Each structure stands twice: as structure tokens, then as C-alpha cells.
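What follows is the residue order along each chain.
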Amino acid sequence: MYNSESTREQQRLTTELLKKQSTGSLTKKDIDSLRSALRFHEHRYYILNDPLIADYEYDQLYKAVEKIEQENPSLISSDSPTQRVAKGLTKDFPTVQHLVPMLSLDNSYNADDLNDFDRKAKELTGLSTIEYCVEPKFDGGSISLVYENDLLTRGATRGNGVEGDEVTTNIKQIRSVPLSAKFSSYGLQQVEIRGEVLINKNNFALYNEKLAEQGLTPLANPRNAAAGTLRIKDPNEAAKRNLEAFVYHVSYFSLAKGKKIPAELTTHSGSLAMLWELGFRSPQKEKKVFRGIGAVIKYCNEFEAKRDDLPYEIDGMVIKVNEIELQDKMGMTSHHPRWAIAYKFKARQATTQLLDVEYQVGRTGAVTPVAKLKPVAVGGVTVSSISIHNEEYIKEKDLRIGDAVLIERAGDVIPQIVKSLPDTRTGKEKKIVFPATCPVCNSKLFKEEEEAVWRCINIECPAQVVERIIHFVSKDAMDIRGFGDANVRKFYELGLLKDIPGVYQLDYAKIAKQEGFKERSIENLKSAIEKSIQQPLHRLIYALGIRFVGETTAKTLAQAVNHLFDFKKISLEDLQNLEDIGPKVAGSIHHFFSNKNNIEMLEQLERLGLQLKNQKKEHTAAGSNLQGQTFLFTGTLPTLKRSDAEAMAEANGGQILSGVSTKLNYLVVGEDAGSKLEKAKKINTVRIISEAEFLQIIGKK
Ligand code: IVH
């Protein structure tokens, strides 16, 4: 798509545009260059996974396009990068017919099956060796895309294979799907391509965390999450889930007048290469072409071993006869092509029996039912208990004690019950009755109207107290190493720890008398606890475990105040004016700081030396004007110590990188700067500046 020359050209253009942007001299004449730069950087980010500019810089260019388009609506084009953003809700998804029916694939599970497939292929073609193209079988929701005259005109779900739902607006939210692509340069007028929409494992876990924080039911696996998102009515919500797409098949094309079939489309591997060249994310790097089935089998096994290391889910490999002419010769059955087969990896699903349900009380009092299962191996791990989330989930899945259930473990994702298997019931199964009182402290459980979760609202409930302490000391909170769940529970049971401030008042002499506590481990624990006193305010806020306040919100909150107690006086309205804080979150924060016991606990923590002040804010001069910018210091600076200079950059919102790369914005050079300077000179987006210029940027000169 971009060779090294055009890449350099785009980088040069980007630097020029950013310079113009910073001096306010961009005009409507720059619109084409701006769009071209945005498309280039989207391709670097979403297809190559190797961005060349900071997100902040991309945003500046994007905003510039938005501004020019707002002022000159006639300049808006349907494939402008701004046109992914949709306004309003989709009413319904009209049914559309695929240009070519979307067949499914025949399955194979082992080498014997693949040898059979190869034998049949040889029979059908009359050849003695066949060339195959092998690529991953992506585990998401399948889509078809139609491009006409280089523009994306339609995106649809698979549906029943003949007809699907038209979901173009949601598909446009997927940044790895180009809004336009130069098919015309291959002589193509209309093209239909197939692909798979996925949500990567990381984004899936984040999304489920968010659902859980809001007391909503998490999704069973990334596949359902991706397929479900395609049919969401609010395109902005769809955009938030960060879907990705791989495309792997050209199912139809028509030629522009007088054009011949391009050579690329005579083989499957060629068509993947063409799609890649056009800026699509095809499995160009993952696919391999082999002659003979032996090497195919070997590659499938190699890939299966790497399955867990991939950022997205695959459930097998797809083996396709590479020559399109041979594909046509082999034809298809009514269900699937004879020229392709799926090789399915070992199942990550298994059936087992639901033996019982236990109830756990979390730090916010939420009571979570946990299914106890007859132990069963799924994808290499033995599963014997699975969270079943809440009462509604149990009803929705119609789970009963004694039921046979289908469970799935998608990659590193926590196992889930996919469904119960009611056909195998004997009549002895028992209904699951949700308790009316807390299983730990026996107080009555409550449920808020719009929530699915029952809660114990006794804040002294021992289960909640322990869970709050566990959260407080955890890695992402105060990060007290060596203070694991088991120790918190043990100290609590022994009466050595009764609340959060108690973490800093442990009686180490008593702990030393407990079995399993050697001098060394006590010393380590002590020093980890002492170290945590210095943790910055945002970690403390997160550690408090205020409902709906995750790490990001904690950072926003920490930035907003000089001292944590400023929240005692802050209004609900002011809270909602902060980034990404809605009424629900604001209400929860307000509630927390209106509670006398919470304030007393915080006062106690302050007396114990914890940081309730926003220290960063103290040193920040003019606020965070370097947000999103990256820095690296090299050589001896004339007046500043390197560590001080780095702290100054960070205090202003900048980020320090460890080496020179295309991700670097500023290299600040002092005397005797060596290889870093040389390397930076070769990357023309890195700005090389002196200490004086640096001080100027942060407003110190
Ligand atoms: S080729 C006629 N290639 O698997 C060719 N399919 O069970 C049709 N899938 O419906 C499909 N990765 O949704 C093909 N690399 C890949 C694939 C792939 C995932 C899905 C696709 C299809 C299903 C078949």
C-alpha cells in the first residue's frame, strides 16, 4: 500500500501539516492532504499496528478536517475519515441479498481428515500435487462488504447465507475497514468481499469489566460480543467496542469496461495480497502457500501452538486450493465449497454437570452466584466452578441444579456457561432459588430497580470488609506486594486487621508468631506496605473501591483537585463536568464523600502519612500542555539534571520514552549526545531540540 518512498512522503506531509496546524495557518486548500495523511496514519495504526505519530497529533489533524468540513459543507466526501462517525440511532437493519451466497465450510479435526480432503481434491482435479493456501480461521461474526467504483457502499451480516442484515453504519465504525479502496487500479468496478469482525481479547476483557462494574451481565465470549455489536442500534456505542475486521475472500467482482481479470485474482493468495495492497487487513502475514498436504498439516499444528499468544480468537485454520481455476473446476455442494476446508482446533467447549450454586459477597456487597461443576477439562485447564453472574442470567439460561451444561473457555477469558441442555433432563433437577439474606452476615438483600444484582447493604459485612481490603492492597491499587488475598483473609480472621487503615498499623510481632511467617517475608511485607504510603493520589482513589470508579476515572478525579477532601465540597454538577463522568458515577462519588465514616477513614489514612494531596498538580506550571507528547533526553544538559528534566516533562503531561523510535516526538539533546541523536536524525517526525527550547515549550522561559 505504502512503500518506503510514499511513507517518507506522508511523514514529510504530516510534519508540514502539524506545523501549519500549530501556527493556525491551515486552510481549506489543505483538505486533501489532511485526509490523505489521516488515511495513511489510520493504516499504520489499524492495519500495520505500528503508528508513526502520537494519538494527540492524529486528533489535531482530524479536528482540522472536521473544522474545514464544518465551515465548507460542500467539501464533505463520503469517504472522508470524519464520515465514520454516525449521528442518531439506526432504525432497523433492512434485509439485503448477498451478491453471491455465503457458504459455510466443511470441518476437519485431524490429519486423517485433511489427507482425505487432499485425496478428493486430487481426484476432482486429476492432479498429483495440489497447491494450498492456509490461513487462520477467525472466530468472530462474518460480514460481506460491497465496494462500487472504489467506495464502500454496503456492509452486511451473514444472516442465513443468502440474505443478511444491512449494517453499513456499524461497519463504518471499524477503522480497519477502508471507506474507499482503489479497486479501479485493478480494473474492478464492483467487488464483494468476505471477512470476519472480531473484538480482540484485550478489548473484550475491558468491555466485560465495564459491564460488571455497572452490575450488568458480561458477554460469554468475544465471538458473541463482535457479532452482537454489529447489530447494535447506536453506532456510537458500536464504535466504543473497538471492533476489528479481517477480510479473506473475494466472492464477486465485475470488471470495468475494457479491462481484463487482473493476475492477482487468479490465485487465492494473490487476492489476499491485492486486498492487503488496497489497505485492507487480510491475513497477508499469516497466510502461507504450500504444495502438498503434509506441509499444510505441519503449519496447522504450529499455528495451534501459538493460538493463545494471538491478540484475537481463532478457532482453527482454513485450507483453500490456491488456483481459482481449480476452485471453479471443483465446485461446491449445496452447503460448502469442495475446494476449501476448515481445520478445527481442539474444542474449548465441554459438557459437564451443574452440581450446586454458592453465593459470594464482593466488596460492593454484590452477591454473585457461583456454579459448582463436576470438574471437566476445557482447552487444557480443569474447570470446577464458574461465575453465573446474577439472578437474571440464571433465568435467561434456564439453569437448574443437576443440569447438563455446555461450558466454553475462550482463550485466556474466564470460562462461561454457554447454555444448559434441557433435553437431557431427568426430572430430578432442582430450581435455583436466590437467597433473600446475605450468606455471610445474614442481613436482608436489596436490589435497585434498573440493576440485575442483589446486594448486601451492611457496609460492616465481614465479606465486604475483607474484599475492600483485598482491593485496596491489590496490584493496580496500592500495589502492596506480598499482601495477597490469603494473607488479608487470614489476618482478618485472626483479628489482626479489621479495616483499611489497619493495613498501616499491623502488629508484626503477632504476625511473626503465626505459622508460615518467616522474618524475611515479614520484612518484605513491611517494606512493601511502607513504600505504598507514597503512592500517588489516583492510586489511592482507585484503591478506595468507590463504585463505578475504575482506574481511568480515578485519574480524572485526581487531576481535578488539589486535595482529596476537595470532593467533600464539590457539587454533583461539577463532578459531571469532568471527562467521562455521568450522573451515575457522579452520584456514587458524591455519596462516598458524604459518608462520615469514609471521611474519618481518610483522615486516619492522612495521619498515617498517605498522600491525599495532588502532588503533580503542585509542580505543574501552566497545566498539562504536553498531553500526549513523547520525550527523550540524551547527553549532558547544560543546567538540568536528566531526572529533573524528565519529571518536568511528565508534570506537564508528557511521556518519557526509553529509546528513539517513530513514536518519539521530541529528543532533547545536551552535550556529547551519541547514537540516539544519530538515530533520531533519520526519522523526520522526531523534533530535535535543546534544553532551552524544552524549557520554552513547558513555559519556563
Ligand atoms: S472462507 C467460500 N476463510 O468460517 C469461502 N472463512 O465455517 C467461505 N471464517 O462462514 C469462507 N475465517 O465466517 C473463510 N480465513 C477464513 C475464515 C472463514 C473465519 C468463517 C466464515 C465462514 C465460517 C465457516
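Above this text sits the structure in question.
Residues numbered from 1 in each chain as written. Predicted model: local features only at pLDDT ≥ 70, side-chain atom pairs only at ≥ 80, totals over all residues. Heavy atoms only, no water.

## A few points about helix α16 (residues 519-532)
Owing to its 3.6 residues per turn, the α-helix brings residues three or four apart onto one side.
And step 1. An ideal rise of 1.5 Å per residue puts 20 Å on 14 residues; α16 measures up with 20 Å between its terminal C-alpha atoms.
And step 2. Among all positions of α16, only I522, L525, A528, I529 and S532 are buried. Buried residues along α16 cover an arc of 130° about the axis, so they all sit on one side. Facing away from the buried side of α16, by more than 90 degrees, are the exposed residues E519, R520 and K531. (Helix = DSSP H or I, 4+ residues; strand = E, 2+ residues; numbered from the N terminus. Expected span 1.5 Å × (residues − 1). Buried < 20%, exposed > 50% of the residue type's maximum accessible area, 1.4 Å probe, protein only. Arc of directions from axis to C-beta.)

## Brief notes about the pairing of strand β23 (residues 666-669)
And step 1. Burial of the side chains of β23 extends over both faces: Y666 and V668 are buried on one face and L667 and V669 on the other.
And step 2. Bridging between strand β21 (residues 630-634) and β23 involves four bridges; their strand directions are parallel. Following the sheet pairing, T634 is matched in β23 by V669.
And step 3. A crossover links β23 with its parallel partner strand β24 (residues 687-689), the connecting element being helix α25 (residues 675-681), and its sense is right-handed. (Pairing = 2+ DSSP bridges. Right-handed = clockwise from strand over helix to strand, strands pointing away.)

## Thoughts on the nonpolar core
And step 1. Core analysis: the largest hydrophobic core is formed by 56 residues, its most contacted members being F483, Y504, L540 and L564.
And step 2. Mapped by element, the contributors of at least two residues to this core are α13 (462-473), α14 (485-493), α15 (508-512), α16, α17 (537-543), α18 (551-560), α21 (583-594) and α22 (596-607).
And step 3. Residue contacts for L564: discarding those within four places in its chain leaves L537, L540, I541, L544, F593, L602 and L612.
And step 4. Among the nonpolar cores identified, the runner-up in size contains 32 residues, and A121, V134, I293 and W339 belong to it. (Core = buried A, V, L, I, M, F, W, Y, C linked by side-chain atoms within 4.5 Å. Contact = heavy atoms within 4.5 Å.)

## Considerations on empty space enclosed by the protein
And step 1. Taken as a whole, this structure holds one cavity of 30 Å³ or more when the rule is applied.
And step 2. The computed volume of the largest cavity comes to approximately 40 Å³.
And step 3. Taken together, the residues that form the lining of the largest cavity break down as two nonpolar, three polar and two charged. (1 Å grid on protein atoms, 1.4 Å probe; cavity = no way out; pocket = protein on both sides within 12 Å on 5 of 7 lines; lining within 4 Å. Points joined across faces, edges and corners; volume = space filled by probe spheres on them. Nonpolar A, V, L, I, M, F, W, Y, C, P; charged D, E, K, R; others polar.)

## Observations concerning the sheet that holds strand β2 (residues 107-108)
And step 1. Ordered in space as β2-β11-β10-β3-β9, the five strands form an open sheet in which the pairing is mixed. The open sheet is flanked by β2 and β9 (288-291), the only strands paired with a single partner.
And step 2. Here strand β3 (residues 131-138) runs beside β9; their pairing, made up of four bridges, is antiparallel. Bridging from a neighbouring strand, Y132 pairs with F290 of β9.
And step 3. Together, β3, β9 and β10 (314-321) form the strand contacts of helix α9 (residues 268-277), whose direction differs from that of β3 by roughly 50°. (Axes fitted to C-alpha atoms, helices over the stretch in contact; angles between N-to-C directions.)

## Remarks on the site of the ligand
And step 1. Close to the ligand lie 13 residues; E135, P136, F138, E196 and K320 are nearest.
And step 2. Contact distances for the ligand include 2.8 Å between an oxygen atom and a side-chain N or O atom of E196.
And step 3. K320 is positioned with one of its side-chain polar atoms (N or O) 2.9 Å from a nitrogen atom of the ligand.
And step 4. Within the complex, 90% of the 530 Å² of free accessible area of the ligand lies under protein.
And step 5. Looking at the shell around the ligand, the elements with two or more residues in it are β3 and β10.
And step 6. Among the elements that line the shell around the ligand, the one with the most residues is β3, at four residues.
And step 7. Here the shell around the ligand is built from residues that sort into eight nonpolar, one polar and four charged. (Near = heavy atom within 4 Å. Polar contact = N/O pair within 3.5 Å; in protein donor to acceptor, adjacent residues only side chain to side chain. Areas by Shrake-Rupley, 256 points an atom, 1.4 Å probe, with all protein chains shown as cover.)

## Some words on the sheet that holds strand β14 (residues 381-387)
And step 1. With antiparallel pairing, five strands are arranged side by side in an open sheet as β14-β13-β12-β16-β17. The open sheet has two free edges, formed respectively by β14 and β17 (416-420), since each of these has just one partner strand. Within the sheet, the average angular offset between the axes of one strand and its neighbour, ignoring direction, is 45°.

## What to know about the packing of aromatic side chains
And step 1. Summed over the entire model, instances satisfying the criterion amount to 24 aromatic pairs.
And step 2. Ring centres of F138 and Y248 lie 6.4 Å apart, and the angle between their planes is 10°; this geometry places the pair in the stacked category. In this pair, F138 sits in strand β3 while Y248 sits in strand β8 (residues 244-255), placing the two residues 110 residues apart along the sequence. Across this residue pair, the class does not change: F138 and Y248 are buried.
And step 3. With 5.3 Å between their ring centres and 55° between their planes, Y147 and F183 make a pair best called tilted. With Y147 in strand β4 (residues 141-148) and F183 in the loop between α5 (168-171) and β7 (188-198), this pair connects stretches of sequence that are 36 residues apart. Of the two residues, Y147 and F183, both sit in the buried class. (Phe/Tyr/Trp six-rings, centres within 6.5 Å; stacked < 30°, edge-to-face > 60°.)

## Looking at the pairing of strand β5 (residues 151-157)
And step 1. In terms of burial, β5 is a largely internal element, five of the seven residues being buried.
And step 2. Where β4 lies against β5, six bridges are found, and the strand directions are antiparallel. In the sheet register, V146 faces β5, and the bridge partner there is R154.
And step 3. Between β4 and β5, which follow one another and run antiparallel, lie two residues, and N149 among them has a positive phi close to 45°.

## Remarks on the packing of helix α1 (residues 4-22) against helix α2 (residues 31-47)
And step 1. Interhelical geometry of α1 versus α2 gives an angle of 120° and a closest axis separation of 10 Å. As the angle between them shows, α1 and α2 are arranged oblique. In the crossing of α1 with α2, the sense of the turn from one axis to the other is left-handed. The segment α1 lies against α2, with T7, Q10, L13, T14 and L17 engaging S33, L34, S36, A37, F40, H41 and R44. (Parallel < 35°, antiparallel > 145°, perpendicular 65-115°, else oblique. Left-handed = near helix turned anticlockwise from the far one by under 90°.)

## Considerations on the packing of α1 against helix α3 (residues 55-71)
And step 1. One can describe the packing of α1 onto α3 by two numbers: an axis separation of 10 Å at closest approach and a directional angle of 70°. The orientation of α1 relative to α3 falls into the category roughly perpendicular. The handedness of the crossing between α1 and α3 is left-handed. Contacts from T14, L17, L18 and Q21 of α1 reach α3 at E57, Q60 and L61.
And step 2. For the contact of α1 with α3, a count of residues per class yields three nonpolar, three polar and one charged.

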